[in-house]
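Report on the structure
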Amino acid sequence: MKQLRIGMIGYKFMGKAHSNAYRSLPMFFPKALKPEMSVICGRNAEALAEAGTQLGWSDCVTDWKDLIAREDIDLIDINAPSNAHKEIALAAAKAGKHIFCEKPLALTLADSREMLQAAEDAGVTHMVGFNYRFSPAVRLAKKLVESGRLGKIYHFRAWFLQDWIIDPEFPLVWRLQKEIAGSGSHGDLGAHLIDLAHFLVGDVKEVIGMSETFIKERPLAAEMTGLSAKGDKDAPKGKVTVDDATLFLARFDNGALGSFEATRFAAGHRSTNSFEINGSLGSVKFDFERMNELEVYLTSDTEDVQGFRRVLATDPAHEYAEAWWPPGHTIGFEHTFIHEMLELSNAIEEGRQPVPNFHDGVKCQAVLEAVERSIEQRRWVDISEM
């Protein structure tokens, strides 16, 4: 296979990010399979045609079933709202198509397990979209943990803070409706933190949490795109059915302790996705708003120079960096998706499953639902219960 023929369902926030990744991959990673942006799919024919032209797709269809039935498509890219993931993925697996699906994998753990089983039974490649794993600075943190340079890991603390719905008059977008999104800040933001914890530290054993919905009702949206929306403050109101903020504590299988906070009500935080890891020999700190940097502290430094150092992860020694610019020339949010598609492309060519795949999506969903059960029953919940 020289080219990877792609059919993509969805064309807004993630659709644009994925399209950019497919277009950029051959320029900077020329040995990877060349993505062929064959068909884009969405419900609104006029908006779809405009997006198809802007984003560089060859053809447009308004019915995803027609897309999956086409014989000239190798991969189905699903970045539609979360409530559509399961049905599309099951159909794609049945048709023998490789699948890339944005997170969270499904609305429920049971649905995510069904998606995994279908993909495994069909023998297709499957990947879930946890793009923050693919920042070079995060890969450096992973390297420091795995090599033992941080020693025994004691703590993982993470927080993903946003403020885009803090205005009570912000419209009721689909991300605030449980039947479409599955959950609020917990599944949207917290899912990324959980996946980073799994990637960097290991499996979670048990959790206990709490959550709150601060604004119970909002004006119905007249128009929405990505994280923005328009509405009339005098419009009828609808009920917010997801969490605005969720916090939980965790114990890992390896004995490390974790704390997690996801909220859309942290004024001044546009997208603060951060974690800190403390080990017996050192610590690391990461903030995606400064995504090229990793703060590193090592106890082996002599006392007179001990302290966190800023490591700019743009040297050839850092994963992916050699494909981009000279050292010190930074990369951005969009590059995490290009690295993600590189992993997908390489996995298909090598006949293996990419990482992260649907197994990782299921594992994340199990923690999400364990936290929800903990909140409902006001107790510690072991992941083995799920």
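Computed from a prediction, not measured in an experiment: that's the story for all the values here.

Some points on the overall build of the protein
Summing up its helical and strand segments, the protein has 10 helices and 19 strands in all. In terms of overall size, the protein behaves like a compact globule, its C-alpha atoms giving a radius of gyration of 21 Å where 386 residues would be expected to give roughly 21 Å. Within the protein, the fraction of its 386 residues that count as buried is 56%. For the protein, restricting intrachain contacts to residue pairs at least 6 apart in sequence, the fraction spanning at least 24 positions comes to 70%. Counting only carbon and sulfur atoms, one obtains 50% of the accessible surface of the protein, whose full area is about 16900 Å².

What to know about the pattern of salt bridges
In this structure the tally under the stated criterion is 26 salt bridges. Note that D203 and K363 form a salt bridge whose closest N and O atoms lie 2.9 Å from each other. Taken together, the positions of D203 in the loop between α8 (185–200) and β8 (204–212) and K363 in helix α10 (residues 358–377) put the pair 160 residues apart, joining distant regions of the chain. Take D203: its relative accessible area is 33%, and that puts it in the partly exposed class. For E385, the salt bridge identified is with R373, shortest N-O distance 3.5 Å. Taken together, the positions of E385 in the segment after β19 (381–382) and R373 in helix α10 put the pair 12 residues apart, joining distant regions of the chain. By relative accessible area, which is 36% here, E385 ends up partly exposed. A relative accessible area of 28% places R373 in the partly exposed class. Put simply, K103, R175, D188 and R264 are held in one network by salt bridges that share partners.

Quick look at helix α9 (residues 333–350)
In an α-helix, one turn spans 3.6 residues; hence positions three or four apart end up facing the same way. Helix length check: α9 (18 residues) gives 27 Å between terminal C-alpha atoms against 26 Å at 1.5 Å per residue, within 8%. In the stretch just after α9, G351 is the one whose phi turns positive, near 70 degrees.

Notes on the sheet that holds strand β1 (residues 3–9)
What the 6 strands build is an open sheet, ordered β3-β2-β1-β4-β5-β6; its pairing is parallel. One side of each edge strand has no neighbouring strand; the edge strands of this open sheet are β3 (59–61) and β6 (126–129). Mean inter-strand twist for the sheet, computed between neighbouring axes without regard to direction, equals 25 degrees. Where β1 and strand β4 (residues 75–78) come together, 4 bridges link them in parallel fashion. Among the inter-strand pairings, G7 is bridged to a residue of β4, identified as I76. Packed on one face of the sheet, helix α2 (residues 45–55) meets β2 (34–41) and β3 and runs near 165 degrees to β2.

Some words on the packing of α8 against α10
At a closest axis distance of 9 Å, the pairing of α8 and α10 adopts a crossing angle of 120 degrees. In terms of orientation, α8 lies oblique with respect to α10. When you trace α8 past α10, the crossing you get is right-handed. The residues of α10 that touch α8, namely those facing H186, G187, A191, I194, D195 and H198, are D360, K363, C364, V367, L368, V371 and E372. Among the residues making up the contact of α8 with α10, the classes are represented as 6 nonpolar, 3 polar and 4 charged.

Points about the environment of A49
Inspection of the secondary structure puts A49 in helix α2. Relative accessible area serves as the criterion here: at 39%, A49 is assigned to the partly exposed category. Along the primary structure A49 and G328 are separated by 279 residues, whereas in three dimensions their C-alpha atoms are 39 Å apart.

Focus on the pairing of β4
Residues L75 and D77 of β4 are buried on one face, and the alternating residues I76 and I78, pointing to the opposite face, are buried as well. Relative to strand β5 (residues 98–102), β4 runs parallel, the two being bridged by 4 bridges. For I78, the partnering residue across the bridge sits in β5 and is C101.

A few points about unusual backbone geometry
That bond from K103 to P104 is cis: its omega, -15 degrees, falls within 30 degrees of zero. Of note, the bond from V355 into P356 is cis; its omega dihedral lies within 30 degrees of zero at 10 degrees. Its location among the elements puts P356 in the loop between α9 and α10. Phi at Y320 takes a positive value of approximately 75 degrees, unusual for a residue other than glycine.

Details of the UniProt feature "domain: Gfo/Idh/MocA-like oxidoreductase N-terminal" (unreviewed entry) in the protein
The feature "domain: Gfo/Idh/MocA-like oxidoreductase N-terminal" (unreviewed entry), as given by UniProt, occupies residues 4–130 in the numbering adopted here. Split by type, residues 4–130 is 45% helix and 24% strand. Its first and last C-alpha atoms lie 21 Å apart.

Side note on the packing of helix α1 (residues 13–28) against α9
Orientation of α1 relative to α9, taken along the N-to-C sense of each, is 65 degrees, at an axis distance of 8 Å. The handedness of the crossing between α1 and α9 is right-handed. Facing F13, M14, A17, H18, N20, A21, Y22, S24 and L25 of α1, the residues of α9 in contact are F333, E334, F337, I338, M341, L342 and S345. For the contact of α1 with α9, a count of residues per class yields 11 nonpolar, 4 polar and 1 charged.

Quick word on a negative patch on the surface
A surface patch of negative charge is lined by D167, E169, D232 and D234. Looking at where D167 falls in the secondary structure, it is placed in the loop between β7 (153–161) and α7 (178–181). Assessed through its relative accessible area of 42%, D167 is described here as partly exposed.

About the criteria used
Residues numbered from 1 in each chain as written. Predicted model: local features only at pLDDT ≥ 70, side-chain atom pairs only at ≥ 80, totals over all residues. Heavy atoms only, no water. Helix = DSSP H or I, 4+ residues; strand = E, 2+ residues; numbered from the N terminus. Rg over C-alpha atoms; globule rule 2.2 N^0.38 Å. Buried < 20%, exposed > 50% of the residue type's maximum accessible area, 1.4 Å probe, protein only. Contact = heavy atoms within 4.5 Å. Areas by Shrake-Rupley, 256 points an atom, 1.4 Å probe, with all protein chains shown as cover. Salt bridge = Lys/Arg side-chain N within 4 Å of Asp/Glu carboxyl O. Expected span 1.5 Å × (residues − 1). Pairing = 2+ DSSP bridges. Axes fitted to C-alpha atoms, helices over the stretch in contact; angles between N-to-C directions. Parallel < 35°, antiparallel > 145°, perpendicular 65-115°, else oblique. Left-handed = near helix turned anticlockwise from the far one by under 90°. Nonpolar A, V, L, I, M, F, W, Y, C, P; charged D, E, K, R; others polar. UniProt positions renumbered as here; feature names shortened; annotations may be inferred. Patch = residues over 30% accessible without salt bridge, like charges linked within 9 Å, V, L, I, M, F, W, Y side chains within 5 Å. Lys, Arg positive; Asp, Glu negative; His and termini not counted. Charge placed at Lys NZ, Arg CZ, Asp CG, Glu CD.

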